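Chain by chain, the residues:
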Amino acid sequence: MPDRKRTDDTNDAVFGAQGCDPDPESEAARRRRRAQFLRELHEAKALRDRVQPRRARAERMRQVIRMRTFRW
């Protein structure tokens with residue numbers, strides 16, 4: 001069914017894609033939801049690090065290696 005329009009299409013979310021400015025209230029609500037999501041994500045990661053310290057340490061070590069090999 002390729003003729004159906006997906007509801008989660010992110011191209012519609014691009015500013016200016018529909019030729020009108022986004023509503024400031026909806027933009028503020030989107031920012032609030034995003035901030036809440038990021039807070040909960042950070043909390044979940046901190047909980048996972050406390051519950052699985054060995055896995056968290058291994059992930060930190062991999063991140064250090066990635067940063068060492070990253071070229072600025």
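Just above sits the structure.
Residues numbered from 1 in each chain as written. Predicted model: local features only at pLDDT ≥ 70, side-chain atom pairs only at ≥ 80, totals over all residues. Heavy atoms only, no water.

1. Overview of the overall build of the protein
And step 1. For the protein, the count of helices and strands is 2 helices and 0 strands.
And step 2. Counting the 72 residues in the protein, one finds 3% classified as buried. (Helix = DSSP H or I, 4+ residues; strand = E, 2+ residues; numbered from the N terminus. Buried < 20%, exposed > 50% of the residue type's maximum accessible area, 1.4 Å probe, protein only.)

2. Comments concerning the pattern of salt bridges
And step 1. Scanning the entire structure with this criterion turns up 4 salt bridges.
And step 2. Across the salt bridge formed by Glu 27 and Arg 31, the nearest N and O atoms sit 3.5 Å from each other. Remark: Arg 31 and Glu 27 occur in helix 1 (residues 24-51); sequence separation between them is 4 residues, near one turn of the helix.
And step 3. Arg 62 is paired through a salt bridge with Glu 59; the nearest N and O atoms lie 3.0 Å apart. (Salt bridge = Lys/Arg side-chain N within 4 Å of Asp/Glu carboxyl O.)

3. A closer look at a nonpolar patch on the surface
And step 1. On the surface, Phe 37, Leu 38 and Leu 41 cluster together into a nonpolar patch covering about 260 Å² of accessible area.
And step 2. For Leu 41, the position within the fold is in helix 1.
And step 3. Residue Leu 41 is classed as partly exposed on the basis of its relative accessible area of 34%. (Patch = residues over 30% accessible without salt bridge, like charges linked within 9 Å, V, L, I, M, F, W, Y side chains within 5 Å. Areas by Shrake-Rupley, 256 points an atom, 1.4 Å probe, with all protein chains shown as cover.)

4. Side note on the side chain of Glu 27
And step 1. For Glu 27, a relative accessible area of 15% translates into the label buried.
And step 2. Here Arg 30 takes part through its side chain, which lies 3.0 Å from a polar atom of the side chain of Glu 27. (Polar contact = N/O pair within 3.5 Å; in protein donor to acceptor, adjacent residues only side chain to side chain.)

Scope: geometric values only; no functional claims are made or implied.
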